[in-house]
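Structural overview for review
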Amino acid sequence: MKLVLAVIQDADAAALMRALSDQQFEATKLASTGGFLREGNTTLMIGVDDGRLAALQALIGQTCRSRTRLVPARGLTSENEGGVAQEPVEVPVGGAVIFVLGVEDFVKV
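Everything in this summary refers to the structure shown in the same document. Keep in mind the model is a prediction, meaning the values are calculated, not measured. (Residues numbered from 1 in each chain as written. Predicted model: local features only at pLDDT ≥ 70, side-chain atom pairs only at ≥ 80, totals over all residues. Heavy atoms only, no water.)

Remarks on the nonpolar core
Residues I8, L16, L20, F25, I46, L56 and I60 are the most contacted members of the largest nonpolar core, which totals 16 residues. Mapped onto this core, the elements with two or more residues apiece are β1 (2-9), α1 (10-22), β3 (39-48) and α2 (53-63). (Core = buried A, V, L, I, M, F, W, Y, C linked by side-chain atoms within 4.5 Å. Buried < 20%, exposed > 50% of the residue type's maximum accessible area, 1.4 Å probe, protein only. Helix = DSSP H or I, 4+ residues; strand = E, 2+ residues; numbered from the N terminus.)

Considerations on the pattern of salt bridges
This structure, assessed with the given rule, holds one salt bridge. Across the salt bridge formed by K108 and E26, the nearest N and O atoms sit 3.0 Å from each other. Residue K108 is found in the segment after β6 (96-102), and its partner E26 is found in the loop between α1 and β2 (27-34); the two are separated by 82 residues along the sequence. Residues K108 and E26 agree in their burial class; the two are exposed. (Salt bridge = Lys/Arg side-chain N within 4 Å of Asp/Glu carboxyl O.)

Considering the packing of aromatic side chains
One pass over the structure, following the stated rule, counts zero aromatic pairs. Here the guanidinium or amino end of R52 rests over the ring plane of F25, the centre of that ring lying 3.9 Å away. (Phe/Tyr/Trp six-rings, centres within 6.5 Å; stacked < 30°, edge-to-face > 60°. Lys NZ or Arg CZ within 6 Å of the ring centre and 35° of its normal.)

Function-wise, these values are silent; they only describe arrangement.
Here's what the structure looks like:
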C-alpha cells in the first residue's frame, strides 16, 4: 500500500478529482500554497495498492497539464529611477509533483 501526495495547480483540481472518482481512486483534497509563484495549489492525498500505482501516476500525468504564464520580472527597476523596466518573463507552470510514500498500516473506520 502506498500514500501518494500529488501537488497540482488549482486549475487542474476539479478535472483530476472527477477522473480519480471515475477510476475508483479515493482522494482527500487539501488547499496548499507554495512553489515558485507562491500561488494557491491543491495537494491530494491518495491511498493506492501497489498494483494500481502506475495507473494512478499515468492518470495524474494525463490530467494535470503543463502551461506557461507571464510573470513580472524580479527586481524591476522603474523608469523614474533611470533604469529600464523589464518585460514580463514566461515561466512554465502546472503539471504535478508526486510523492509516493510507503504505508505500514491503513485502517478505515
